[in-house]
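Summary of the model geometry
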Amino acid sequence: MPNLDSLKKLINYKTAFTITAMVFIGLAVTNLIGTNALSTEGIAVSEAETQTLKLEKENQIISVKIEEASQLKNIEVLAENRGFIRSKNIVFVPTAPTFAQR
């Protein structure tokens, strides 16, 4: 039969409680640090998503402005406001061919 008295002296309730408490505190601190790291990264991701949505909305507005400005009707009005006039007769000037002939 093994000697249980020496085993009881080696591991008593106070030692077991102390070890358990230290492990629990270590796990709690690790969980707290991990949770804090994840939450701060989540805030950074949230801010990046908000900035992305803001830039996408601004991009849509600029695209609409570019499309409106590039319509021929708007270009014609702008040209008339700057003093350009529509030509009544168009003159075509012949040019030399730019490709090799046989």
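Residues numbered from 1 in each chain as written. Predicted model: local features only at pLDDT ≥ 70, side-chain atom pairs only at ≥ 80, totals over all residues. Heavy atoms only, no water.

Let us look at the overall build of the chain. In terms of helices and strands, the chain carries three helices and zero strands. When the helices and strands of the chain are listed from N to C terminus, the series reads α-α-α. By the burial criterion, 0% of the 102 residues in the chain qualify as buried. As displayed, the chain offers around 10,500 Å² of accessible surface, 65% of which is attributable to carbon and sulfur atoms. (Helix = DSSP H or I, 4+ residues; strand = E, 2+ residues; numbered from the N terminus. Buried < 20%, exposed > 50% of the residue type's maximum accessible area, 1.4 Å probe, protein only. Areas by Shrake-Rupley, 256 points an atom, 1.4 Å probe, with all protein chains shown as cover.)

Before going further, it helps to spend a moment on a nonpolar patch on the surface. Among the surface-exposed residues, Phe24, Ile25, Val29 and Ile33 lie close enough to one another that they form a single nonpolar patch of about 430 Å² accessible area. By the secondary structure assignment, Ile33 is in helix H2 (residues 13-69). (Patch = residues over 30% accessible without salt bridge, like charges linked within 9 Å, V, L, I, M, F, W, Y side chains within 5 Å. Salt bridge = Lys/Arg side-chain N within 4 Å of Asp/Glu carboxyl O.)

Here we take up the confidence of the model for the chain. When pLDDT is averaged along the chain, the result is 83; 85% of the residues meet or exceed 70. Across the chain, the secondary-structure element scoring lowest on mean pLDDT is helix H1 (residues 4-10), at 62, and the one scoring highest is H2, at 90. (pLDDT = per-residue confidence, 0-100.)

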